[in-house]
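Chain residues, written in single-letter form:
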Amino acid sequence: MDFRIPRGTMDLMPGEVEKWQYIEEKARDLCRRYHFSEVRTPLFEQTELFRRGVGETTDIVEKEMYTFTDQGGRSLTLRPEGTASIVRSFVEKKVYGEPQPTKWYYIGPMYRYERPQAGRQRQFHQFGVEVFGTTAPGMDAEVIDLGFQFYRTLGLDGVKVELNSVGCPRCRPIHREKLIEYLTPRKEELCKDCLSRLDRNPMRILDCKNESCREVTEKAPRMVDHLCDDCKSHFEEVQENLQLLDVPYVLNTQMVRGLDYYTQTAFEFVIEGGAGSLGGGGRYNGLVEEIGGPEMPGIGFGLGLERTLLALEEQGLELPARYGVDCYVIALGDDAKKRAISLLKELREVGCSADRDYLDRKMKGQMKAADRMGARYAAILGENELKENRIKVKELATGNQETIQLDRLADYIRQGRKD
Ligand SMILES: [Zn+2]
Ligand SMILES: [Zn+2]
């Protein structure tokens, strides 16, 4: 039987995985500087959590979840996004009782049953942040800035922040009425999905990608024109803060984001080319209560790492590929081979990466192996060198070679590693 990798998943092989490590490292370092702490939640949760936390009428819950029943008859779902789990953990651990705000981040795989294409996998990876316990517009701006800086530190060009306010439970119903009033006489022009959204969630029609729907919604009543005083001043202050942080943004009054729980600020990071939307987020002031916690505001984002990599590739940005080994120890003769074992140990103890031959290859074969693994140095120990307590060290890129004291090898390689 031929085993195949499941559709929409990837093996990250050596040479590729280093790019992921690099991106993750950048995200972690940025979070450290913005004072966000990492949280790791399980890959699966009770199905009901996502129904509640993501929203019954979303595509994710309606069509895309990996749901299964475990041996105990419980319905579980592989997480399709990061926020619901983080909120569950915030509520369950009663973190809301501690001094606020709480600033968290996560990096890891998510699962959605979608048609796989470039930058879109069924197991995909997100870097996300969530902040609880403040409605301050300055925090909205900090979160957006953090996402924007993530792309900047990776060297991505032309990332745009699109910004909108989707209002709150006080002003949204008014806009909703106006929207239904406007859309109902035009419903023949809406796509099938939007037709069913008309009663349940008409705002979602605003960001339908269907051509005919777009034409209909172009002149539809805009949420930003119906914001209550609170939402209006909040939105203005978010923009003021973004300007202070020098984060360039454009207003996109049609953007509502796919998830039901957003209130006020909604944003997206977009880029020209195949990646399109890199990710986004928004404020979710009602979500903690929805998940069984107290009234507690929140804001966050989730950024797709596959799409980030796709955009980096499209811009021809080289990420560090495979890390070679610092020193490959070539030993010839039984005594030298024994000494090589402790040499490797010494090299590793001072922080260098080291490897040697395990296949009894001759000198030429060992040299080839060193080349193939991208070794910086080859250290050659023959019976003669061993007797004189010396070793030959060759820098492979330059061909430069010198003979040094055997007990100086670890220091020598460590020094070379630094320059
Ligand atoms: Zn409002
Ligand atoms: Zn539509």
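Source: prediction; values computed, not measured.

**Focus on the UniProt feature "binding site: L-histidine" (unreviewed entry) in the protein**
Next, step 1: The UniProt entry lists E81, G82, T83, R112, Q126, E130, R257, Y261 and Y262 under the feature "binding site: L-histidine" (unreviewed entry), expressed in the numbering used here.
Next, step 2: Among the secondary structure elements, R257 is positioned in the loop between strand 8 (249-251) and strand 9 (263-270).
Next, step 3: Using a relative accessible area of 14% as the deciding quantity, one classes R257 as buried.
Next, step 4: In this structure, R257 is in contact with R204, D207, Y262, A266, F267, E268, G279, G280 and G281, ignoring residues within four places of it in sequence.

**Re the coordination of the zinc ion (ligand 2)**
Next, step 1: Every protein donor of the zinc ion (ligand 2) is listed here as C191 (SG), C194 (SG), C208 (SG) and C213 (SG), and their distances to the metal cover 2.2 to 2.3 Å.
Next, step 2: Taken together, the 4 donor atoms coordinating the zinc ion (ligand 2) and their angles of 105 to 115 degrees define a geometry best described as tetrahedral.
Next, step 3: Between the donor residues of the zinc ion (ligand 2), the gaps in sequence give the motif C-x2-C-x13-C-x4-C. Here C208 lies in the loop between helix 7 (192-200) and helix 8 (211-217) and C194 lies in helix 7, a separation of 14 residues in the sequence. Residues C194 and C208 agree in their burial class; the two are buried.

**Remarks on the domain arrangement of the protein**
Next, step 1: Each assigned domain of the protein is listed here: domain 1 (17-171 + 227-314) and domain 2 (327-418).
Next, step 2: Distance from the C-alpha centre of domain 1 to the C-alpha centre of domain 2: 49 Å.

**Examining the pattern of salt bridges**
Next, step 1: This model, assessed by the stated rule, comprises 24 salt bridges.
Next, step 2: Residue E38 is joined to R28 by a salt bridge in which the shortest nitrogen-to-oxygen separation is 2.6 Å. With E38 in strand 1 (residues 37-38) and R28 in helix 1 (residues 17-33), this residue pair connects regions lying 10 residues apart in the sequence.
Next, step 3: A residue is classified by how much of its surface remains accessible, and R28, at 28% relative accessible area, is partly exposed.
Next, step 4: For D29, the salt bridge identified is with R33, shortest N-O distance 3.2 Å. Placement of the pair is D29 and R33 together in helix 1, with a separation of 4 residues, close to one helical turn.
Next, step 5: Members of the salt-bridge network, linked through shared partners, are R28, E38 and R40.

**Section: the sheet that holds strand 3 (residues 67-69)**
Next, step 1: Strands sit in the order 2-4-3 across an open sheet of 3 strands; the sheet is antiparallel. Here the strands that pair on one side only, and so sit at the sheet edges, are strand 2 (44-46) and strand 3. Taken pair by pair, the neighbouring strands of this sheet meet at an average axis angle of 35 degrees, ignoring direction.
Next, step 2: Where strand 2 meets strand 4 (residues 75-78), 3 bridges bridge the pair, whose relative direction is antiparallel. Bridging across to strand 4, F44 finds its partner in L78.

**Some remarks on the pairing of strand 4**
Next, step 1: With 3 bridges joining them, strand 3 and strand 4 adopt antiparallel strand pairing. If you follow T67 over to strand 4, its bridge partner there is T77.
Next, step 2: Between strand 3 and strand 4, which pair antiparallel and follow one another directly, the connecting turn spans 5 residues, one of which, G73, has a positive phi of 80 degrees.

Cut-offs used in this document
As a convention, each chain's residues are numbered from 1 in the sequence order in which they are written. Lettering for chains starts from A, numbering for ligands starts from 1, and both go in the order in which the items are written. In keeping with the model being predicted, local features are shown solely for residues with a pLDDT of at least 70 and side-chain atom pairs are shown and tallied solely at 80 or more, while totals for entire chains, interfaces and linings include all residues. Note that the side-chain values use all heavy atoms of the structure and ignore hydrogens as well as water. UniProt positions are given in the numbering used here, feature names are shortened, and annotations may be inferred rather than shown by experiment. Every helix listed is a DSSP run of H or I at least four residues long, and every strand listed is a run of E at least two residues long, numbered separately from the N terminus. Burial here depends on accessible area, computed with a 1.4 Å probe over protein chains only, as a share of the maximum for the residue type. Under 20% is buried, over 50% is exposed, and the range in between is partly exposed. Contacts were defined at the residue level, with two residues in contact if any of their heavy atoms lie within 4.5 Å. Note that water is not among the atoms considered, so a metal site may appear incomplete; the donors listed are N, O and S atoms within 2.8 Å of the metal, with 3.2 Å applied to Na, K and Ca. Any site counts as irregular unless it has four donors with all angles between 85 and 135 degrees, making it tetrahedral, or four or six donors with opposite ones more than 155 degrees apart and the rest between 65 and 115, making it square planar or octahedral. As annotated, the domain borders come from an automatic or database domain assignment. Basic side-chain nitrogens of Lys or Arg form a salt bridge, by our definition, when they fall within 4 Å of a carboxyl oxygen of Asp or Glu. Two strands pair if DSSP finds at least two bridges between them. Lines fitted to C-alpha atoms define the axes, with helix axes restricted to the stretch in contact, and inter-axis angles between N-to-C directions lie between 0 and 180 degrees.

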